Structures are given as C-alpha cells and as structure tokens.
Amino acid sequence: MISAKSTIKVAGKKYTYYRLKSIEDEGIANISRLPFSIRVLVENILRKMDGKTVSGDDLIGIANWKVRYDKPKEIAYYPSRVLLQDFTGVPCVVDLASMRDAMLEHGGDAMRINPLIPVDLVIDHSVQVDYHGSSSAMKMNMDMEYKRNAERYTLLKWAQNAFKNLRIFPPGTGIVHQVNLEYISTVVMTAENDDGITVFPDTLIGTDSHTTMINGLGVLGWGVGGIEAEAVMLGQPYYMSIPEVVGVNLIGELPEGSTATDLVLTITELLRSNNVVGKFVEYSGPGVKSMSLPDRAMLANMAPEYGATTGFFPVDEETISYLRLTNRGDSADLVESYTKEQGLFYYGDEKPEYSNIIEFDMSMVKPSLAGPSRPQDRIPVSDMKKRFSIFLSSRQKNEGDMKSLSAFGDESGHDESGNTCKIEAARREIKIVIKGEEMSVHDGSVVIAAITSCTSTSNPSVMIGAGIMAKKAVEKGLRVKPYVKTSLAPGSGVVLDYLGKSGLLNSLENLGFFNVGIGCTTCIGNSGPLHPEIERVANKEGLIFTSVLSGNRNFEARIHQNVKANYLASPALVVAFAIAGSADIDLTTEPLGKGIDGKQVYLSDIWPSDDEVSEIMSSLLTPDIFKERYHNAIEGDSHWKTLPSPDGKSFKWNKSSTYIKRPPFFKGFKLLPDSRGNIDRASALLLLGDSVTTDHISPAGAIPEDYPAGQYLISENVSPSDFNTYGSRRGNHEVMLRGTFANVRIKNMLVAPKEGGFTIKFPEREEVFTYNAAMRYMRDSRPLIVLAGKEYGTGSSRDWAAKGTHLLGVRAVIAESYERIHRSNLVGMGVLPLEFRNGSNWKSLGLDGGEEFCINGISDITPGMSINIDAIKDNGNKVSFEVTVRLDTAIEVEYYNNDGILPFVLRMLAKE
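Residues numbered from 1 in each chain as written. Predicted model: local features only at pLDDT ≥ 70, side-chain atom pairs only at ≥ 80, totals over all residues. Heavy atoms only, no water.

**Details of the overall build of the protein chain**
What counts here: Helix and strand assignments come from DSSP, with helices taken as H or I runs of at least 4 residues and strands as E runs of at least 2, each series counted from the N terminus. Our radius of gyration is a C-alpha quantity, and the globule rule it is checked against amounts to 2.2 Å times the number of residues to the power 0.38. Throughout this description, buried means an accessible area under 20% of the type-specific maximum (1.4 Å probe, protein chains only), exposed means over 50%, and partly exposed covers the range between. Throughout, a residue-residue contact means that at least one pair of heavy atoms, one from each residue, lies within 4.5 Å. Shrake-Rupley sampling with a 1.4 Å probe provides the accessible areas, and residues are treated as covered by the protein chains on show and by no other component. This count recognises Lys and Arg as positive and Asp and Glu as negative, with His and chain-terminal groups excluded. The location of each charge is read from NZ of Lys, CZ of Arg, CG of Asp or CD of Glu.
Secondary structure assignment for the protein chain yields 32 helices and 34 strands. Taking 29 Å as the expected radius of gyration for a compact globule of 912 residues, we find that the protein chain reaches 27 Å, a close match to that expectation. The buried share among the 912 residues of the protein chain stands at 64%. Within the protein chain, residue pairs in contact and separated by at least 24 positions form 75% of the contacts whose partners lie at least 6 positions apart. About 31800 Å² of surface is accessible on the protein chain, with carbon and sulfur atoms providing 47% of the total. Charge centroids of the protein chain, computed over 97 positive and 113 negative side chains, lie 3 Å from each other.

Next comes the structure, spelled out in structure tokens:
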C-alpha cells in the first residue's frame, strides 16, 4: 500500500485527497503520459484500494495503462453516483422493491436493499405531444401525463421516502441530462469520513445511453443497463475492461453559418467510420479551447451515436466559467484547485498517449442533416434533395422486401462499394383537407418538425439561433405548412426563460413552435398523434412522410410509426424545413417560400449570424436565471404535491394495476444457484440482420391494439385510448414481455418480406406473433436462441431489451457483433451472448432458422473462450461452427452462472 493521502486548503477548508503524483513518487508509473479519462480511473482505484476487491495489482495495471490490450483486463470501478430517468428508473425501483420482498421471504433484513451512494431520478420521459400549436399545450400535455402515470409516480414517491440516498426530480423539471449538466453535477464531490472531508472526482453511471453528455463538463460518465446500475446502487463495483482511448485532436473553429449540431453530426459520421465502438474517446487540441461548454456537451452527448463509451473533455478554464455561469460558483474554486493539484486540469499543451489519434479540422464543417434512419448517415444540406430521391426510389422498389435494398443502394444513398446511386424516384402527391383548406401532401412532406432533446436544447447558441431565424421568417411573412406538426420541448425551464426574455419565444410561437412540455418528447417516440388526414394518407396510400427534429436518435419507427424517414438537424434547420414543408428540397438553391412582398425568400435571407446569436446570449445568460429556475427543483407542481405518498419499507403491490407489477425475476429464488448446462435442441425465435436496435427489441412509443401487449391491456379492461406507451408501462412485465421483438418495423427474416412482431413456430412452420411462439416453445420445454448480424443492440440502454429476451425463454444470442450496453445487459439477465468467428455469419453458414441448435461447453465456461454449436436441419444434415463467448470478464461469468446480476447481488447480501 502506498502513502497517497494528502490535503489541500480551499476557502479556509481543509480537504483530504488521494494524490495521483504519489504513484510517480513510488516509481509505479508515469501519470502524465495517461489520457485524462484514464487518470480519473486511476484515482478511483487508488482511493478504493482495499486489498480485496481492489488490489495493488489493480492499481499497477491501470496506472501502467496500455494503448492496446491483447485480451481484456478487468478493473472494479466505483462510480460516485447513479443517474436515472423514469422510463429506466421505474423498472429499477420495481426491481429494488422486489428484492426487498425476496430478502424478507428468505429471512433477511429488507433495509439491506438500499442505495449506498447518491441516486438521482429525473422524471422526463413520460410527457407526450398530445397537444401542440397553442399556448395551453404544455398544461394540457402535463395534465394528460399525470392522468396516465399516476400509478408510476405514486411508486416513485414511495421510493423517495422508503430508500435512502434517492432524490426524485418531478415532471416538468427538465431532461435528465440537461438537469445533470446545469444543476446536479458538481465536477468534484466531497464526503465526510474519519479523515474529515475527502474530495474526489464526480463520476457516474446512468441508465440512459446519453449519460455521456456530462463528459462535456469534465465528468466521467456513461450509460449502462438498469440491472448494472442497481448493483452499483447496492454497493457493488462496476466491473469493466480497461478501455482503449482514441484521441480526437480538434483544430480550427466552426465557420460562419455552421452550428454545433453540424459539428456533432460530422464527428459522429467520422468516428463511426473509425470504429470507436466500446472505446473511450477523448478530445484535445486547440479546437477544444475555442469550444463553449454547451458545444462540448453536445458532442459528448452523441457518444452512443458514434459508438464510444464516452466522449470526454477534461476540466479546463471553460469548465470553471460554466460552473460560475450556472450558479455553482461556490464549488468552482474547489474544482479548479483540486483538478490542478491532481493533474486533471487541461492547460492545452499536454501530449497524452492515445490508442489512436484522429485529427479533425472544425473549419471544414458544413450545414448538415442525418438520416433517414441512422444518426451517422450525414447529409450536407446541399445534397438533401438528391439523397431523398435516392432513398425514396429504393423504398418504392423494395417496399416490403428490404433484404434486397443493396441492389438499389442503402438508405444513405450508397451502394455496397460506397458509390452514390443514381436513381430517379416517382414522387406521389395526394390532395387532403385540413381545417377546411385543401392542400397537397407528397412523398417527402414534413409532417413532424420538433425542436427537442437534450442534445440541442442544452445549447443556448443553437436555440437562440432558431429563435432569431423564426423572427426573421415571421418578418418576411413566411408560415409553416398546415400539415406540419410543430413542437418545442426544451430540456429545462432555463431555455424558456432566456427565449422569453429575448422575445424570440414569441417568434417561434408565431410559426407554431409552442412549448409542449419540458422533457423528452419526439426524440424518444413521444410525438403523439398526427392529424387524422395525415394518418389516413400514410396508412391508405403509403406515402413516405418525413420528420425533422433536433434530436440524437432517428431509428426506423422510433419517431412515429407512420413516418418512414426521419432526419436530425439543428433547431434552425428544423424551423426551415417546417416552413418548406418538404425534405425533398435543396435549401441552398431553392426558396423556402414567398414573402409578404411577393418575392422568394431563401434560407440565406433569414439565417442568423454568429454575432446576432452572441449578442443575445451575452445579455441574457446570467447565474440568476439558473438560480431562479432550480431553487425549488425537487418540490414539483400541484400535481406532484397532491399525489399519494405511501410509506413502509416494502411496497404494497396492487394486483389490479396495469402499470406496476411485481416482476418474476426472483420467482423460485434459491440461495445457491443451479449449475449451468449445455443448451440442447434450441429453436431460433428470430433470424435478424444488421443494426437491430434496442427500439426493435424493446419498442418505445405506441402500443398497437392488435398486438399481444394491446390485447393484454384490453383483457385488463384498458381502452386503447388509455394504452399510453411501452415506455410508461416498463413497470409491468406482462406488457413488456409481450412487447419484446414487437416493433412494427422489425425485420425477422423468418417471415420476410413481412415486417413486425411475427415469427415462424417450428416444427409446425406456422406464422404467429413472436410472443405467442415463445409461449408455445416454453410449454414444449424448448429453449430459444436469436440469430443476428452486426451491431446487435444498437441504441438506447434499454434493460427491457434484455429482460424481455430472458422472459421469452431466449437462452443465447448469436450475432456478428454487439453494441456495448446491450451485450452487457444480456449478461446481466443471464442470457449468453455469442459471436460468430472468422468472419462467418448465419447466411454464410447456410442457416435458415429452421434448424435445431445444440450449444456445447457451457458448463465449464470461461471469458472469451470458443465453443462449438451444432445446427441440425430437417433432413438430418449438420452444420457445425465455432463461436466466441462474449462473457468478457470473470465477473460476467459469475453473473451468467447466477442467472443474472440481480440474483448474484441478492445472494451476496443474503450471506452477509
């Protein structure tokens, strides 16, 4: 054990800290060569070293970080806190309540199930855009939110009283990541102990993939599954492999006319092509020094989109300035003194070692969008018309048979060789009537224009830019097309405050962009209903409608089930496309419309200048505006205050509830786990392609009436108008189980060209709902597997994507590659992730999903080992192939052998 404790004095107070330089003093390692993000991990190991869970060898291993590792090296990492949103937070609370019940049933102390570190839960994902286009929209949407979600919110009020270290931010406070950025995070944290007051870096994990946004503030954090988060809450470390760190050296500055949104879309495209999946990304270089803190936060927010675990910006003078701006000046001095003393402050001339360095010149950024279904598919504004035509043609030629899409180019407009496709589309046009006015809609008509999501609304420059453009558009006499559903959903009330004081909110409202609620809306699928005429044309005529939103996710069927092409863009471009009314347009050469003087108005005529934006920002953004908005953040409105607040250490489950049910995860729980055996005679539940998202696996958004989840709710006397969303019912396993693999756009090759939650039940070869097939297999005692392609589980960190997979009876997933969070979630639920070897896949092996699968070697499983699978066809022929076990660490093997992380933790606590 080295002598690492030291003290610093700030503002008359003495603080103990664990000095990183002591590692150099002892000759263990050179800390100054390390990436800043790795230095944070070193401090964590140094401070938590106990000789048991965290050993001296662990410290030596992380302090001597390597740019590459031949095999994963595991560390036990202790985040300082946990961050939850309500879609993922409610299942966490349900699980913790269920663990308390299980502990009581086995004679244990229920109060051992209690968060041991600070936990913040922000209720932000439940507001829907049912009402829009009026000054009363927010109030009416919030009334609906409480009407739909009273049972869930009552559970959360019970949890706030029943659990220690749990703080709940009521609806209307803001989007979790913006609240974290503007209010919750302190950059460094303190704790009172025997040494007095200890100071250490603020680090966190969160149950939303965009937890990474806080890395823009110099705070190391990323998204994990709810299952892992619960274990960390209960005092367990987060076991992780030491990551590679890709350095992104930024040079230059954004040119006039380009926004931070354009920057993040360009960087996302760049880093996706450089395969940073599962790695840390760390930003450095002179370009960093030219970036505002909100610009950094936007780039950090998009880490899941470019595939990285984090997108880290070290603490520097801009961090300190932002703390002062956002009314956290009291902590700014401590942050500055501590980070400088620890070597965690970035001066700009440091040269850390990186696994790889990518240089990017920000002066090359051009105005862009991304879509129509992936955030990494960037489109320059000047190419939008051409690229939409390519997409439209590919959809028309392949409608219902997306397997052959490559013959006509993919949805980004490129063929398999990366060449731009040259295809002409036949645009269809339909007459409709809205509010007594006849008008035309066509393929490409924008039916949703939403300024939404934490990515953009956290940044005053892009929000004020949109407001200035709206003001100029109104002055020119431009209007939004009547068929466009417009909405403004800021990430915190601060946005409304500065837009209101500047008069720009009024300009946005004049174009229909009224505030519809403070929280996540369109970006997560809570876009609400479209005009009935639009819905009719989409369903009957099959028009390819589009949405444009300032979000970070645009996966197919995520935004709205009747909108087939979705584009990410800056808030200003959202306003522009709402006015144009079509995505099938080149805004660099074609007019937005005619002004009141009869002349054509172009985008360049109303685009805000950087000076105009800066002038308003500097005059309005002060610490007082943040102080006023957050001073009573956890008190809530009258709705929240009047909600019932149950007491008691265990939750009183309401058997008639269709929102909250005790889950079956601990049914038949034993203090000793059953041994794992081979998986014999398994059937394939689904046969999937590449880039299957967690939206496809565990869908958000509307619950279809004719699907199993809808039929279940009807059987429970819930009318379709009260279905709410899948996300809001994550506390009811009966709904979520039926919703797993039930996205209306999932492409299961067993039933191709049909889309949706259907599969083939073998050996009958009968087409049924996927849920119904799984239940029939379960009655037959037949284990299940899922076969998939590359990037399986892309998207949000949805624990129900793994929970539902587990409850359907899926014992293993075999894919070409996995997205980090979903693979981890599968392990956390006791589902075995396997990976095809040597570039093979189910297609190259000649598998069609009708085989019986025998997976051997599981009883003696070790991290990263190879095992053999036999696939036996109907005619008796056998296909044998090897796969890699994607249990990457020893602790993941323990989780798997215990049938998941929660049973493992419960057994640990029950023994103590």
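Moving on from the coordinates now.
**Some thoughts on the side chain of T173**
Here is the rule: Polar contacts, as used here, are pairs of N or O atoms within 3.5 Å; protein pairs need one atom able to donate a hydrogen and one able to accept it. Residues neighboring in sequence count only if both atoms are side-chain atoms.
With respect to the helices and strands, the residue T173 is situated in the loop between β6 (166-169) and α6 (176-184). Here the side chain of T173 touches P170 through a polar contact of 2.7 Å, landing on its backbone oxygen. In this structure, T173 is in contact with V179, S492, G493, I518 and A633, ignoring residues within four places of it in sequence.

**Things to note about unusual backbone geometry**
In most cases, non-glycine residues show a negative phi, while peptide bonds are predominantly trans. Note that the residue after G371, namely P372, is joined by a cis bond; omega there is 10°. Along the polypeptide, P372 turns up in the loop between β16 (368-370) and β17 (378-380). In this chain, F762 is followed by P763 through a cis amide linkage whose omega measures 5°. Its place among the elements puts P763 in the loop between β27 (758-761) and β28 (766-769).

**Side note on the nonpolar core**
Under the convention used in this document: In these notes, a set of buried Ala, Val, Leu, Ile, Met, Phe, Trp, Tyr and Cys residues joined through side-chain atoms within 4.5 Å is what counts as a nonpolar core.
In terms of nonpolar packing, the biggest core is built from 309 residues, with Y283, Y306, F513 and Y792 touching the most fellow members. Leave out the neighbours within four places in its chain, and Y792 touches L688, V692, I697, F741, V786, V813, A815, S817, Y818, E819, H822 and L826.

**A closer look at the sheet that holds strand β5 (residues 119-122)**
What links the strands of a sheet is backbone hydrogen bonding, and the strands pair in either a parallel or an antiparallel sense. As a reminder of what qualifies: Pairs of strands are assigned from DSSP output, requiring at least two bridges between the strands. Helix axes use the C-alpha atoms of the stretch in contact, all axes being lines fitted to C-alpha atoms, and the angles between their N-to-C directions lie in the range 0 to 180 degrees.
Sheet architecture is open: five strands sit in the order β6-β5-β4-β9-β10, paired in parallel fashion. The sheet is open, and its two borders are formed by β6 and β10 (220-223), each paired with just one other strand. Sheet twist, expressed as the average angle between the axes of neighbouring strands with direction ignored, equals 20°. The sheet contact formed by β5 and β6 spans four bridges and is parallel. Each residue of the ladder has a partner; that of D120, found in β6, is R167. Contacting β4 (81-85), β5, β6 and β9 (203-206), α6 runs over the sheet at an angle of about 140° to β4.

**Some thoughts on the packing of aromatic side chains**
We count it as follows: Think of it this way: a Phe, Tyr or Trp ring, Trp meaning its six-membered ring, pairs with another when their centres are within 6.5 Å, and the plane angle makes it stacked under 30 degrees, edge-to-face over 60, tilted otherwise. When the NZ atom of lysine or the CZ atom of arginine is within 6 Å of a ring's centre and also within 35 degrees of its normal, the charge is said to sit over that ring.
Within the structure shown, the criterion is met by 23 aromatic pairs. Centre to centre, the rings of Y183 and Y630 are 4.9 Å apart; their planes meet at 10°, and the pair counts as stacked. Of this pair, Y183 sits in helix α6 while Y630 is found in helix α23 (residues 623-630), placing the two residues 447 residues apart along the sequence. The class for Y183 is partly exposed, based on a relative accessible area of 32%. Ring pairing ties together the aromatic residues Y77, W222, Y238 and F280, which thus form one cluster. Geometry around Y659 places R729 over its ring, the cationic atom sitting 3.9 Å from the centre.

**Comments concerning helix α12 (residues 317-325)**
Selection criterion: Comment: arc refers to directions from the helix axis out to C-beta atoms.
T319, I320, Y322 and L323 are the residues of α12 that are buried. Considered in projection along α12, the buried side chains sweep an arc of 160° and stay on one side of the axis. Buried positions along α12 lie against α6, α10 (293-301) and α13 (329-342). The N-terminus of α12 is capped by D316, whose side-chain oxygen sits 3.0 Å from the backbone nitrogen of E318. Phi for N327, located one or two positions after α12, is positive at around 70°.

**Section: the pairing of strand β18 (residues 429-434)**
A one-sided burial pattern is seen for β18, the buried positions being I430, I432 and I434 and the unburied ones E429, K431 and V433. Both β18 and strand β19 (residues 437-442) contribute to a ladder of six bridges, which runs antiparallel. Along β19, the bridge assignment pairs K431 with S440. Connecting β18 to the next strand, β19, in antiparallel fashion are two residues, including K435 with a positive phi near 55°.

**With respect to the pairing of strand β22 (residues 546-549)**
Along β22, one buried face is formed by T546 and V548 and the opposite face, lined by S547 and L549, is buried too. Sheet analysis places strand β20 (residues 446-451) next to β22, joined by four bridges and oriented parallel. Counterpart to I448 in the pairing with β22 is S547. The pairing of β22 with strand β23 (residues 565-568) spans four bridges and is classified as parallel. Residue pairing for β23: V548 is matched across the bridge by Y567.

**Side note on the packing of helix α4 (residues 86-105) against helix α32 (residues 901-911)**
Here is the rule we go by: With respect to orientation, any angle under 35 degrees is reported as roughly parallel, any angle over 145 as roughly antiparallel, any angle of 65 to 115 as roughly perpendicular, and every other angle as oblique. We call a crossing left-handed when the near helix sits turned anticlockwise from the far one by less than a right angle, and right-handed when that turn is clockwise. Ten residue types, Ala, Val, Leu, Ile, Met, Phe, Trp, Tyr, Cys and Pro, are classed as nonpolar, four, Asp, Glu, Lys and Arg, as charged, and the remainder, Gly among them, as polar.
Relative orientation of the contacting elements α4 and α32 amounts to 40°, with a least axis distance of 11 Å. With respect to their mutual orientation, α4 and α32 come out oblique. Once α4 is placed against α32, the crossing between them reads as right-handed. Here D95, M99, A102 and M103 of α4 lie close against α32, whose contacting residues are L902, V905, L906, L909 and A910. In the contact of α4 with α32, the residues fall into eight nonpolar, no polar and one charged.

**Some remarks on the pattern of salt bridges**
Basically, it comes down to this: Each reported salt bridge corresponds to a side-chain nitrogen of Lys or Arg within 4 Å of a carboxyl oxygen of Asp or Glu.
Here the structure, examined in full by the defined rule, presents 57 salt bridges. Where E336 meets K340, a salt bridge forms, and the shortest distance between an N and an O atom there is 2.8 Å. Linking E336 with K340, this pair stays in helix α13, spanning four residues, or about one helical turn. Of the residues examined, E336 reaches a relative accessible area of 26% and is grouped as partly exposed.

**What about helix α17 (residues 493-502)?**
For α17, the full list of buried residues reads G493, V494, V495, L496, Y498 and L499. G503 lies just past α17 and shows a positive phi near 85°.

**Concerning the sheet that holds strand β14 (residues 310-312)**
Taken together, four strands build an open sheet; the order of strands is β14-β13-β12-β15 and the sheet is parallel. Edge positions in the sheet fall to β14 and β15 (356-361), since each of these pairs with one other strand and no more. With direction set aside, neighbouring strand axes in the sheet form an average angle of 25°. Here five bridges tie strand β12 (residues 245-251) to strand β13 (residues 280-284), and the two strands are oriented parallel to one another. Following the sheet pairing, V248 is matched in β13 by Y283. Strands β12, β13 and β15 of the sheet are contacted by helix α8 (residues 260-273), whose axis makes an angle of about 145° with β15.

**Considering the confidence of the model for the protein chain**
Counted only if it meets this: Values of pLDDT, ranging from 0 to 100, describe the predictor's confidence in every residue of the model.
Taken residue by residue, the protein chain gives an average pLDDT of 93. The fraction at 70 or more is 97%. Throughout residues 400-412 the model reports pLDDT below 50, and contacts reaching past four residues in sequence, or to other chains, amount to 30 contacts.

**Details of the state of the cysteines**
For clarity, the threshold we go by: When two cysteine sulfur atoms are found within 2.5 Å, that pair is recorded as a disulfide.
The full count for this structure, using the stated rule, is zero disulfides. Considering cysteine sulfurs only, C520 is the nearest to C92, which forms no disulfide, with 16 Å between them. Residue class for C92 comes out buried when judged on its relative accessible area of 1%. The thiol of C454 is not disulfide-bonded; the next cysteine sulfur, from C520, is found 5.8 Å away.

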